[in-house]
Amino acid sequence: MKKKWYDYLWIVSVLYLILGFFNILFAWLGLLCFFIPLGISALGGGKLYCNKFCGRGQLFELLGNRLGLSLKRTCPSILYSKWFRYGFLVFFLIMFFNMLIVTYLVWSGAHELSRTVTLLWTFRLPWHFAYPAAVTPWIAQFAFGFYSVMLTSTVLGLVTMAFFQPRSWCVYCPMGTMTQLICKQKNKKSCRSV
Amino acid sequence: MVKKYAYIPKENCVACGCCVKACPRQAVSVIKGMYAQVDMEFCVGCGLCAKACPASIIKQKEVSGIEEKMV
């Protein structure tokens, strides 16, 4: 099948991760990956973002299928169980709000800017090399926090890609879960049995 | 006659759309962003969607001629 422009959005995902090594402020662009899918679902476009435009999904597919980096084992049923998907979404949102609180504390002056990226919500990696001077501290803090979220989800996705199906991240992706919930809510009548 | 079809359990589908991309006959579609559905008229049971499904929930189901008429 002939490739469309959106089949190359994986390049944008790779660029995003690379740019974060040079200037952390590029992390702000990641907000697009939050607002676009939510907006599409809210406006009745279903899961068009996941289905066509998700660069991260395309990247996992490319690495897992084309480059053969996936063992392609059967996905364990726990990954698509409702409690795990919703549980992971809640956990993800709590950690996201935690990041917003830290940003607020830096803005209010109660907390000092931390030039680190936190991987898997645990490991603090020094990231001062990507910190440009003369930037309002809270703006940089949000960027460090947001990049941490994006890097963590990429690493998680890569791990499940390696063991299970290439796009196994899509099964428990919090954005995917949220957009599906929006769609179900919008079409309540036709999905009572789901 | 027994024919093979792809079967997608709605309740476990995450509607990612991988099966839609994999289907060579455009027999699969995501319904309003909720779940993927197979059009049995076009499905030939090739199993490509099952291979592509990241949740590994798509199964090949055998349907007899009588059942087929009922679907």
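Note that the structure is predicted; figures quoted are calculated from it, not measured.

Peer 1: Sorry, what's going on with the overall build of chain A here?
Peer 2: A count of helices and strands for chain A gives 9 helices and 2 strands. Starting at the N terminus and walking to the C terminus, you meet the elements of chain A as α-α-α-α-α-α-β-β-α-α-α. Taking 16 Å as the expected radius of gyration for a compact globule of 194 residues, we find that chain A reaches 18 Å, a close match to that expectation. Seen along its three principal axes, the alpha-carbon backbone of chain A occupies a region of about 50 × 40 × 30 Å. Within chain A, the fraction of its 194 residues that count as buried is 47%. Summed over its atoms, the accessible surface of chain A is roughly 10500 Å², and 70% of this surface lies on carbon and sulfur atoms.

Peer 1: Teacher, can you tell me more about a nonpolar patch on the surface here?
Peer 2: On the surface, A:Ile18, A:Phe21, A:Phe22 and A:Phe129 cluster together into a nonpolar patch covering about 430 Å² of accessible area. Looking at the secondary structure, you find A:Phe21 in helix α1 (residues 10-22).

Peer 1: In this structure, what is going on with the interface of chain A and chain B? I would like to understand it.
Peer 2: How big an interface is tends to be stated in terms of accessible area lost as the parts join. In this assembly, 26 residues from chain A lie in contact with 22 residues from chain B. Here chain A and chain B share an interface that buries about 1900 Å² over both sides, 54% of which is from carbon and sulfur atoms. At the junction of chain A and chain B, the tally comes to 0 salt bridges. There are 7 residue pairs in polar contact (both at pLDDT 80 or more) connecting chain A and chain B. Within the side of chain A that touches chain B, the residues separate by chemical class into 9 nonpolar, 10 polar and 7 charged.

Peer 1: Help me out: how do you make sense of the state of the cysteines in this one?
Peer 2: Here, disulfide denotes a covalent bond that connects the sulfur atoms of two cysteines. Applying the stated criterion across every chain yields a total of 0 disulfides over all chains. A:Cys50 takes part in no disulfide bond, and the closest cysteine sulfur, belonging to A:Cys173, lies 6.2 Å away. A:Cys50 gets classed as buried once you look at its relative accessible area, which sits at 15%. The closest cysteine sulfur to the non-disulfide-bonded B:Cys46 is located on B:Cys23, 6.2 Å from its own sulfur. When its relative accessible area of 45% is taken as the criterion, B:Cys46 is described as partly exposed.

Calculation rules
- Position numbers for residues start from 1 in each chain and track the written sequence from start to end.
- Each chain gets a letter, beginning with A, and each ligand a number, beginning with 1, in the order they are written.
- A pLDDT threshold of at least 70 governs which residues receive local features in this predicted model, and a stricter bar of 80 or more applies before side-chain atom pairs are shown or counted, although totals over entire chains, interfaces and linings include all residues.
- Hydrogens and water molecules were not included; the side-chain quantities draw on all heavy atoms of the structure.
- Numbered from the N terminus, helices here are DSSP runs of H or I no shorter than four residues, and strands are runs of E no shorter than two.
- Our radius of gyration looks at C-alpha atoms and nothing else; its globule reference is 2.2 Å times the residue count to the power 0.38.
- Relative accessibility decides the category of a residue: with a 1.4 Å probe and only protein chains considered, values under 20% of the type maximum give buried, values over 50% give exposed, and everything between is partly exposed.
- Note on areas: Shrake-Rupley with a 1.4 Å probe; residue coverage comes only from the protein chains shown.
- Nonpolar side chains (Val, Leu, Ile, Met, Phe, Trp, Tyr) within 5 Å and like charges within 9 Å form the patches, drawn only from residues with over 30% relative accessible area and no salt bridge.
- Salt bridge, as used here, is a side-chain nitrogen of Lys or Arg placed within 4 Å of a carboxyl oxygen of Asp or Glu.
- We call two residues contacting when some pair of their heavy atoms lies within 4.5 Å.
- The buried area of a pairing is the accessible area, by a 1.4 Å probe, that goes missing from both parts when the two are put together, added over both.
- Definition of a polar contact: a pair of N or O atoms within 3.5 Å, with one able to donate and the other able to accept a hydrogen when the atoms are protein atoms, and with sequence-neighbouring residues admitted only if both atoms are side-chain atoms.
- Throughout, the ten residues Ala, Val, Leu, Ile, Met, Phe, Trp, Tyr, Cys and Pro are labelled nonpolar, Asp, Glu, Lys and Arg are labelled charged, and all others, Gly among them, are labelled polar.
- Disulfide: a pair of cysteine sulfur atoms within 2.5 Å of each other.

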